[in-house]
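Reading the structure
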Amino acid sequence: GSRTLTTTHRRKDGTLFPVEVSVRQFVFDGELYSVSFARDITERVNAEQEKARLESRMLQAQKLESLGMLAGGIAHDFNNLLMVILGNLQMTLGELPESAGQVPMLRDAEGAAKQAADLCRQLLIYAGRGNSKIEPTDLGRLLREQAQMLEVSASKSTRLLLNLAEDLPQINADVSQLRQVFMNLIL
């Protein structure tokens, strides 16, 4: 019979390498003989490892693509719901006098809904289903507007102090992406 096994051998320089050993026994002139062949399978092992690594990366890429498609679909549907909310808020604000007590709360809700719509737009851009909106932006104003949300997002032991120059020129940027950068920096 014959047997094949994989083992590790050591070279003269001390390095280890994988070896496939095939052993076969046979009878010749009434005596039992064993013949064995040892083959260095380093290249085959490396190729199998590379194949497994590439398959893993491909599976990961497929998962990310599926996740992006799912996120894009959810963002699209959620954005449609936000447009209804924003529309109703704006109609209600249009019917109320500025002096009405509910106006500040409705304006806060409108601002939050607009920020949520920006997040949806970012998800759509990430999923390849939206476009970046580049516009002239005042970074100081943007940070002041977002300061309360940033402070709430930071840990309780953190205090947010803004020291912003007033005379900075505007930049061309995607406001929603900048808001996300600020949030990531705080977190």
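Residues numbered from 1 in each chain as written. Predicted model: local features only at pLDDT ≥ 70, side-chain atom pairs only at ≥ 80, totals over all residues. Heavy atoms only, no water.

1. Here's the deal with the layout of surface pockets
The volume enclosed by the largest pocket comes to roughly 490 Å³. Those elements that place two or more of their residues in the lining of the largest pocket are α2 (103-126), α3 (139-153) and α4 (175-186). When residues of the lining of the largest pocket are assigned to their parent elements, the largest contribution, eight residues, is made by α2. Grouping the constituent residues of the lining of the largest pocket by class yields three nonpolar, five polar and nine charged. By volume, the second largest pocket amounts to about 160 Å³. Lining the second largest pocket, in full, are Q115, A116, D118, L119, Q122, Q146, M149, S176, R179, Q180 and M183. Contributing elements (two or more residues each) for the lining of the second largest pocket: α2, α3 and α4. For the lining of the second largest pocket, the element with the highest residue contribution is α2, accounting for five residues. (1 Å grid on protein atoms, 1.4 Å probe; cavity = no way out; pocket = protein on both sides within 12 Å on 5 of 7 lines; lining within 4 Å. Points joined across faces, edges and corners; volume = space filled by probe spheres on them. Helix = DSSP H or I, 4+ residues; strand = E, 2+ residues; numbered from the N terminus. Nonpolar A, V, L, I, M, F, W, Y, C, P; charged D, E, K, R; others polar.)

2. Points about the pairing of strand β2 (residues 16-28)
Sheet topology note: the strand β1 (residues 2-10)/β2 ladder contains nine bridges and is antiparallel. The partner of L5 across the bridge, within β2, is V21. The hairpin turn running from β1 into β2, its antiparallel successor, is five residues long, and G14 in that turn takes a positive phi close to 95 degrees. Looking at chain direction, β2 and strand β3 (residues 31-40) are connected through 10 bridges and run antiparallel. Bridge pairing links E20 to R39 in β3. (Pairing = 2+ DSSP bridges.)

3. Brief notes about the packing of aromatic side chains
Considering all chains together, one arrives at two aromatic pairs under this definition. Measuring from ring centre to ring centre gives 5.8 Å for F26 and Y33, while their planes differ by 20 degrees; the resulting arrangement is stacked. F26 sits in the partly exposed class, given a relative accessible area of 35%. Taken together, the ring pairs in this structure connect F26, F28 and Y33 into an aromatic cluster. (Phe/Tyr/Trp six-rings, centres within 6.5 Å; stacked < 30°, edge-to-face > 60°. Buried < 20%, exposed > 50% of the residue type's maximum accessible area, 1.4 Å probe, protein only.)

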